[in-house]
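Residue-level structural notes
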Amino acid sequence: MSEFRLEAVVNGRKIRRTAKPSQRLLDFLRDDLNLTGNKEGCGAGECGTCSVFVDGVLMKSCLLPVAKAQGARIDSIESLAPTGELTVLQKAFHKAGASQCGYCIPGMVMAATAALRANPFADREEIKERLGGNICRCTGYQKIFDAVELARDVQNGRLPATALLETDTTDGEVIGRNVRRIDAPGKVSGRLKYAGDMTMPGMLHVQVLRSPHPHARIVSIDTSAAEAMEGVEAVITSKDVPGQDGFGVFVHDQPVMARDKVRYVGEAVAAVAAEDLATARRALGAIKVVYAPLPAVFDPVEAMRVGAPVVHDYAPDNITKHIPIRVGDVDAGFAASDLVVEEHYSTQAIEHAYLEPEAGLAYVDHDDVVTVVSPSQNITHHRHMLARIVARPVSKVRFIMSPVGGGFGGKEDMIYQGMLALLAMKTMRPVRLVFTREESIVATAKRHPSRTTLRMGVMADGRIRAVSLRMICDGGAYGLSTEGVMRKAAILGAGPYVIPNLRVDTYGIYTNNTPSGAFRSFGALQTQFATESHLDIVAERLGLDPFEIRRINAMRDGASTHTRQTLGSVSLLRALDAAEQASGWEPGAPNVRGLARGDLGHDDVRPPVSLGTRFAPDSKQEAAE
Amino acid sequence: MARKRGRGMAACWYGIARTATVDRAAAWAEIDDGGSAKIVTGVTEIGEGILTVLAQVAAHEIGVKPEHVVIGDNDTARAPEAAHAGASRQTYMIGNVVALAAREARKRLVDCMAEMWDVAPESIGTGNGEIWADNTNHRITFGEAVASAKNRGVVPIGAATFGTDTTGLDGVDGAGRPWQAYVFGTQVAEVEVDTITGEVQVLAVWAAHDVGRAVNPQGVEGQIEGGVVQAIGQALMEDYQLEDGHTSTSGFAKYILPTSLDVPRVNSIIIEDPDPIGPLGVKGIGEPAMVPTIPAVMNAIYDAVGVRIFDLPATPEKILAALRAKARQDSLAIQAAE
């Protein structure tokens, strides 16, 4: 289809532009009008960060063909604070600490603006429902609800405008005060530029060809047809890596692009830099890769068996890392216990789902410094690895950390920066790659799925005598952070309890699944889920309150940890007391006493959701007053 | 009653900064023209609020206002190494090193003013954008003090490095000193389980966490609230599924995340047990906030309906299957008793 003439009013200004029918409204705003405040988070209308007003109605601009804007009035996040003076709602987001990474915030501010326009007296439950189409991965939403309530009350005159001002620190006390976030104004206004919002003159667009096979030998890659295409500036494969081709947080087992074989679906095989995105995408289809599928292994327990397919030659047993901890004599401890309980626990792979998909720019500067701008959580280590990969001194490699639109560990891996650097070096032009949501989910690390067998021996009075904990984790196709995750899982897994006899073994295993990597709480989440579930099972058997069994076993000041480190102050008892008191916990053994409890439904508990029945019948009436 | 409520709790512990290795970070500080402070360190915001924390730390140490702190950062060619943004290490490692660098810059300015005013450096105070000498009428703004120092040929700068006294683990028994700062926490969850649909709603979480000294309590709450909700995602709904290495959950339509309607009221209780080693007493909160939530929710589900989920996530399907299995067992037990 041919280009067409688009006339609309965007942020109060009449525009007449040429648009392509293939564009979405979001692309038109971001790419053609450089209105990058609203972001792309999912491209499927699920996350809401692209939300704009179309003729005053909140719409997800990733779902709208640009032709729908013909003759319409479009308002993006930039329309709210055109002179830099924030709206009451934006100031309330600043004051309440409602923005963290900030990537969802432009859409969230638009949705909240719409909510208070629809009902200036909306209560917290109605606000929640009106924000239900916008995902935030950082805040847990609480401070966003606080912000909308604050803005509502200021707008309605129930609170003075001074409620939005900075915390007063003229007494000189700065620590321990709720100083407003210094980065919030740029986030609530959409002015902050993430890597995917940045452009450079002469910039090329990068796309990545990914493996369709979980395990296959690469017989051949023919890039000649792609390279011959008009607008294609470069195609790279592992042959273009001049130095040592490997990266990873602990073991450098992952090539920039698959070398000789692919180990998981979604692994990068080749990359293209072209004058525009559409050409780069078309060029991927012109790259011919011949694969010879290999037997694959998808289960970590099967991968540990003799004769299983080997994922990496250097690890013929497929073990990425095993971490042992040994204290005392576990078998004797179980024999001396009054009660021994064994259970099996498992946890699933989960996705970081930061709202900002991976993105980055690279260029070679005037001093021949290979420069990568990306939301990397570890620019120091990435610089070292990239210097080896491109065979240049560390001083000739530079990493700039762009604002990170959520990381949670998922941006610690140098999963795409190597390709960007190589393409910048090959073309001597700036290059940019922005992942789609699907690409981000398929190609990047997950939280380690785990299987734990936990055996605990206790005395009748609740004291733990012995624990054995064995966890097997699916590390997927590459090592990434697996070693560190296994270590933290092992050190912390048995919990902050005095355990005279302990045996812990954690195993990270290679498979042909999506790699597992760093994820907030890093192995300790998986093992402590098992231990803390188990303590309740044991407490029920012994008739002990769950706080009580933990107090009986709690590490105290000066305790020796499971790795025989002597601690100083131990705040566990304070934390137990504080949670017990704050929740008004009614003591008793955990024996399914929910029905009989007297401590439920306090003021600090939210009402349960029953969709569609929660709007207060008098809210319209109040608005009319 | 189709909907049943219950409560559960769980505790946790966590280590702050890199594990079983020596962690380190560096920073530069300058008290700049006009009386602002410039801090340069090689790491940036991933959303947790570190830039604001660093501004507060520098303001506290130097005596300028937090809004007069400028943070230049995030560039391996322009800033000293601060290593990575992770491991719940930012406030601990970068906060502490910025405090040390800011102290050195302040000392340089204070020494200069002491000489100029002919007073002992210890008698000089700073705060709220001003610098003064006790028991005198010397009191000027930081902007004036910086100008005076520069007239004497001094640029008030500081640089610092902060490292941990930690070791690796023994390969056989795991003995070692993986961290120098530990934190502890406890959470209580209240849930409602719909026994007809199997749906679990987490209505409230009380989260008590030791963070060392809290630099910005609102920021600490933000970390706790976000951590609790991410954990609820893993507890109840999120599931990256693979079949023979191919995912069936490659978009947000299939990969389900917690929305505003899924989240509990989070009641945070901040416990401050200061770290005795670092100059600030701070520790960390990013990761530990997530650790006790899942077992607290599973223990609460058990309290409500008597079924225990060992295999995450606790989807409605799994809850219903467990309720059916429990009903069969209960009726068998009754038959056996009869």
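Residues numbered from 1 in each chain as written. Chains lettered and ligands numbered in written order. Predicted model: local features only at pLDDT ≥ 70, side-chain atom pairs only at ≥ 80, totals over all residues.

**Here we look at the overall build of chain A**
We count it as follows: Helix numbering and strand numbering both begin at the N terminus, where a helix is a DSSP run of H or I of at least 4 residues and a strand a DSSP run of E of at least 2. C-alpha atoms define the radius of gyration in this analysis, and the globule rule sets the expected value at 2.2 Å times the number of residues to the power 0.38. Three exposure classes are used. Buried residues have 20 or more other C-beta atoms within 10 Å of their own C-beta, exposed residues have 12 or fewer, and partly exposed residues fall in between, all C-beta atoms being placed from the backbone. In this description, a residue-residue contact is defined by the distance between C-beta atoms placed from the backbone, which must lie within 7 Å.
Counting secondary structure elements, chain A contains 18 helices and 20 strands. Taking 625 residues into account, the globule formula puts the C-alpha radius of gyration at 25 Å, and chain A, at 28 Å, falls close to it. Each principal axis of the C-alpha atoms in chain A carries an extent, and together these give about 80 × 75 × 50 Å. Among the 625 residues that make up chain A, the fraction classed as buried is 57%. Residue pairs in contact within chain A that sit at least 24 positions apart in sequence constitute 76% of those at least 6 positions apart.

**So, the overall build of chain B**
Along the backbone of chain B there are six helices and 13 strands. For chain B, the spread of C-alpha atoms along the three principal axes comes to 95 × 45 × 40 Å. Here chain B holds 338 residues, and 64% of them are scored as buried. Contacts in chain B between residues far apart in sequence, at least 24 positions, make up 77% of those at least 6 positions apart.

**Comments concerning the nonpolar core**
Where we set the bar: Here, a nonpolar core means buried Ala, Val, Leu, Ile, Met, Phe, Trp, Tyr and Cys residues linked by C-beta atoms lying within 7 Å of one another.
Met419 of chain A together with Ala27, Ala58, Val98 and Ile301 of chain B are the most contacted members of the largest nonpolar core, which totals 311 residues. Per element, the largest residue contribution to this core is 14 residues, and it comes from helix α2 (residues 90-117) of chain B. If sequence neighbours within four positions are ignored, Met419 of chain A has contacts with Val206, Val208, Ile236, Val256, Met257, Ala268 and Ala271 of chain A.

**Details of the pairing of strand β8 (residues 157-163) of chain B**
Residue and element names in this part refer to chain B. Note the threshold: Whether two strands pair comes down to DSSP finding at least two bridges between them.
Alternating residues of β8 divide into Gly158, Ala160 and Phe162, all buried, and Ile157, Ala159, Thr161 and Gly163, none buried. Relative to β8, strand β2 (residues 24-31) runs antiparallel, the two sharing seven bridges. Pairing of Glu30 across the sheet is with Ile157, part of β8.

**So, the interface of chain A and chain B**
Many structure descriptions define interface size as the accessible area lost when the parts assemble. Each partner contributes to the interface: chain A provides 126 residues, whereas chain B provides 119 residues. It is helix α17 (residues 572-583) of chain A that contributes the most residues to the side of chain A that touches chain B, eight residues altogether.

**Quick look at the environment of Gly462 of chain A**
Residues and elements named next belong to chain A. Along the chain, Gly462 falls in the loop between β18 (450-458) and β19 (464-476). Judged by the 21 C-beta atoms lying within 10 Å of it, Gly462 falls in the buried class. In this structure the C-alpha to C-alpha distance between Gly462 and Leu542, which are 80 residues apart in sequence, comes to 7.0 Å. Every residue in contact with Gly462, bar those within four places of it in the chain, is listed here: Leu542, Leu544, Ile549 and Ile552.

**Details of the domain arrangement of chain A**
All names here are of chain A. The cut-off we apply is this: Domain segmentation is taken from an automatic or database assignment of domains. Amino acids are sorted into nonpolar (Ala, Val, Leu, Ile, Met, Phe, Trp, Tyr, Cys and Pro), charged (Asp, Glu, Lys and Arg) and polar (every other residue, Gly among them).
Splitting chain A by domain gives domain 1 (4-79), domain 2 (88-167 + 180-192) and domain 3 (204-294 + 353-437). Computed from C-alpha coordinates alone, the two centres of domain 2 and domain 3 are separated by 37 Å. Of the residues lining the interface, eight residues belong to domain 2; the matching set on domain 3 comes to eight residues. Its residues placed into classes, the side of domain 2 that touches domain 3 shows six nonpolar, one polar and one charged.

**Side note on the packing of helix α16 (residues 546-553) of chain A against α17 of chain A**
Residues and elements named next belong to chain A. Definition in use: For helices, the fitted line uses only the C-alpha atoms of the stretch in contact; every axis is such a line through C-alpha atoms, and the angle between N-to-C directions lies from 0 to 180 degrees. What sets the label is the angle itself: under 35 degrees gives roughly parallel, over 145 gives roughly antiparallel, 65 to 115 gives roughly perpendicular, and the rest give oblique. Put simply, a crossing is left-handed when the front helix is turned counterclockwise from the back one by less than a right angle, and right-handed when it is turned clockwise.
Following both chains from N to C, one finds α16 and α17 inclined at 170°, their axes separated by 10 Å at the closest point. By the angle between their axes, α16 is roughly antiparallel relative to α17. Between α16 and α17 lies a crossing of left-handed hand. In this structure, α16 uses Phe547, Arg550 and Arg551 to contact α17, whose residues at the interface are Leu573, Leu576 and Glu580. Split into classes, the residues belonging to the contact of α16 with α17 amount to three nonpolar, no polar and three charged.

**Looking at the sheet that holds strand β3 (residues 37-41) of chain B**
Residue and element names in this part refer to chain B. Strand order across the open sheet formed by four strands is β4-β3-β2-β8, with mixed pairing between neighbours. Either end of the sheet is taken by a strand with one partner, and the two such strands are β4 (69-73) and β8. On average, each strand axis in the sheet is tilted by 20° relative to the strand beside it, whichever way the strands run. Here β3 pairs with β4 via five bridges, running parallel. Looking at β4, one finds that Val40 is bridged to Gly72. Against the sheet, helix α1 (residues 50-62) engages β2, β3 and β4, with an angle of about 125° to β4.

**Quick notes on the domain arrangement of chain B**
All names here are of chain B. For chain B, the domain assignment lists domain 1 (3-16 + 182-333) and domain 2 (24-161). Counting from both sides, the interface comprises 17 residues of domain 1 and, opposite them, 14 residues of domain 2. Grouping the amino acids of the side of domain 1 that touches domain 2 by side-chain chemistry returns eight nonpolar, seven polar and two charged.

**A short note on the sheet that holds strand β9 (residues 261-262) of chain A**
Residues and elements named next belong to chain A. Strands sit in the order β9-β7-β11 across an open sheet of three strands; the sheet is antiparallel. Bordering the open sheet on either side are β9 and β11 (288-293), each of which pairs with just one other strand. Where strand β7 (residues 216-222) and β9 come together, two bridges link them in antiparallel fashion. Looking across to β9, one finds that Arg217 is bridged to Lys261.

**Points about the confidence of the model for chain B**
Here is the rule: Predictor confidence is given residue by residue as pLDDT, running from a minimum of 0 to a maximum of 100.
Chain-level statistics for chain B give a pLDDT mean of 97 and a share of 100% at 70 or above. Our summary of model confidence lists the complex with pTM equal to 0.97 and ipTM equal to 0.98.

**A short note on the environment of Asn34 of chain A**
Along the chain, Asn34 of chain A falls in the loop between α1 (25-32) and β3 (51-54). Sequence separation between Asn34 of chain A and Arg487 of chain A is 453 residues, and the spatial gap between their C-alpha atoms is 46 Å.

**Some details on the pairing of β7 of chain A**
Both β7 of chain A and β11 of chain A contribute to a ladder of six bridges, which runs antiparallel. Of the residues in β11 of chain A, the one forming a bridge with Ala216 of chain A is Pro293 of chain A.

**What to know about the environment of Ala147 of chain B**
The topology assignment puts Ala147 of chain B in helix α3 (residues 142-151). Between the alpha carbons of Ala147 of chain B and Ile334 of chain B there is a distance of 88 Å; along the sequence they are 187 residues apart.

**Remarks on helix α4 (residues 217-236) of chain B**
Our working definition: Expected span, for any helix, means 1.5 Å times one less than how many residues it has.
Taking 1.5 Å as the rise per residue, α4 of chain B with 20 residues should run 28 Å; its terminal C-alpha atoms sit 28 Å apart, in good agreement. Of all 20 residues in α4 of chain B, 19 are buried; the element is thus mostly enclosed.

**Digging into α1 of chain A**
All names here are of chain A. Among all positions in α1, only Leu25, Leu26, Phe28, Leu29 and Arg30 are buried. If you follow the buried residues of α1, they end up packed against β2 (13-19). Immediately beyond the C-terminal end of α1, within one or two residues, lies Asn34, with a positive phi of roughly 60°.

**Considerations on unusual backbone geometry**
Only a minority of non-glycine residues have a phi that is not negative, and only a minority of peptide bonds are not trans. Look at the link from Leu312 of chain B to Pro313 of chain B: it is a cis peptide, with omega at -5°. Turning to its location among the elements, Pro313 of chain B is positioned in the loop between α5 (293-305) and α6 (316-337). The phi dihedral of Asn11 of chain A is positive, around 50°, even though this residue is not glycine. Topologically, Asn11 of chain A is positioned in the loop between β1 (4-10) and β2. Owing to 20 C-beta atoms within 10 Å, Asn11 of chain A belongs among the buried residues under this scheme. A positive phi angle, close to 60°, is found at Asn34 of chain A, a residue other than glycine. Judged by C-beta crowding, with 10 C-beta atoms within 10 Å, Asn34 of chain A ranks as exposed.

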